[in-house]
Amino acid sequence: MLKCLCIGSSLDLPREGVLYSDTWIAKCREKFFGIDFINRSQWAQTSRILNDPQALEFIRPDVVVLHLGIVDCAPRRIFENYILRANALLLKMIFKYSVWKIFGGKYPSWAVVPEKKFEMNFENYLKRCKKSGIRKVVFISIGNPGPSMIRRNPHIAENVDRYNSVLYRLSEKYDFVENVMPLKNPEIIDYLPDGYHLSPCGHDKILNSLQPIIEKIKN
C-alpha cells in the first residue's frame with residue numbers, strides 16, 4: 001500500500017464549523033483507496049517539524065504533502081515571538097505593562113520562523129527526501145488570507161507572498177516536487193470567520209488541487 005504523509009497545521013484539522021469528514025485529508029482517504037494517508041498535522045506547527053525524523057525517516061512514506069508556512073510567516077509582535085518560542089509565563093505577565101505598548105506593533109520581519117530559516121528547513125528536508133527515494137513531494141502553497149485576517153494582521157499578505165516565493169523556487173529546483181496554489185485567489189466562503197482557517201469549501205479546493213497528482217501517482 002502506498003503511504004502518503006500529510007504534514008500541516010491547525011488549518012488541516014477539524015474545528016468548530018469543520019468536521020473531520022470535511023477535511024481534505026479525510027476526503028482523500030475516502031476517495032483514494034489503496035493509499036494510506038498519514039496525518040501529522042498539529043496546532044501551531046511550523047516548518048521546524050521537517051527537521052524531525054518523525055516527519056520522514058520513521059514513517060518512510062512514498063509521497064509527502066506539506067501544508068506549512070502560515071505559522072512560520074505570520075508577523076508577530078516582537079515579544080510575542082518569545083512567547084511562542086519559550087512559552088514563558090513570566091514574559092506574558094511583563095507584556096501587560098508599558099513595554100507591550102512600545103513594541104506592540106506587528107512587523108513583517110518579526111515572523112516566528114525567519115524566511116532564511118524557513119527555506120533552510122524545507123531545503124534540508126528535500127535533500128533527505130531525495131536520499132530516501134521519495135516519489136513525490138507536494139507543496140500546498142500558503143493561502144492568501146481573507147479580509148478579517150488582514151484587518152488583524154496588516155502585513156500578513158506581504159509575508160505570504162515572500163514565503164510562497166521560497167516554496168516556488170524549491171519546487172523548480174527539485175524535479176520530484178510539485179507546487180499547488182488552491183487558495184491563491186480565495187473567496188470569502190473558503191474561510192471561517194477568522195479569515196484564515198479553512199471552511200469545508202476551502203478543504204474542497206485543496207482536495208481538487210491534489211486529485212490529479214494523486215491519481216497520476218496511483219496509476
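Preceding this paragraph is the structure being described.
As the structure is a prediction and not an experimental result, all values here were calculated from the model. (Residues numbered from 1 in each chain as written. Predicted model: local features only at pLDDT ≥ 70, side-chain atom pairs only at ≥ 80, totals over all residues. Heavy atoms only, no water.)

A few words on the sheet that holds strand E3 (residues 63–66). Taken together, the 5 strands give an open sheet; going across it, the order is E2-E1-E3-E6-E7, and neighbouring strands pair in parallel fashion. Because the sheet does not close on itself, it has two edges, and the strands there are strand E2 (35–39) and strand E7 (177–180). The mean angle between the axes of side-by-side strands here comes to 20 degrees, regardless of whether they run parallel or antiparallel. The sheet contact formed by strand E1 (residues 2–7) and E3 spans 4 bridges and is parallel. Opposite Cys 4, over in E3, you have Val 63 as the bridge partner. Sheet contacts for helix H1 (residues 24–31): E1, E2, E3 and strand E6 (136–140); angle to E2, the most-contacted strand, approximately 165 degrees. Sitting on the sheet, helix H6 (residues 115–132) is in contact with E1, E3, E6 and E7, with an inclination near 155 degrees to E6. (Pairing = 2+ DSSP bridges. Helix = DSSP H or I, 4+ residues; strand = E, 2+ residues; numbered from the N terminus. Axes fitted to C-alpha atoms, helices over the stretch in contact; angles between N-to-C directions. Contact = heavy atoms within 4.5 Å.)

Scanning the model with the defined rule gives 3 cavities of 30 Å³ or more in all. Approximately 50 Å³ is the volume found for the largest cavity. (1 Å grid on protein atoms, 1.4 Å probe; cavity = no way out; pocket = protein on both sides within 12 Å on 5 of 7 lines; lining within 4 Å. Points joined across faces, edges and corners; volume = space filled by probe spheres on them.)

The next subject is the packing of aromatic side chains. By the definition in use, this model includes 6 aromatic pairs. Between Phe 32 and Phe 37 the ring centres are 6.4 Å apart and the planes differ by 45 degrees, which places this aromatic pair in the tilted class. Here the aromatic residues Phe 118, Phe 122, Phe 139 and Tyr 163 are joined through ring pairs into a cluster of three or more. (Phe/Tyr/Trp six-rings, centres within 6.5 Å; stacked < 30°, edge-to-face > 60°.)

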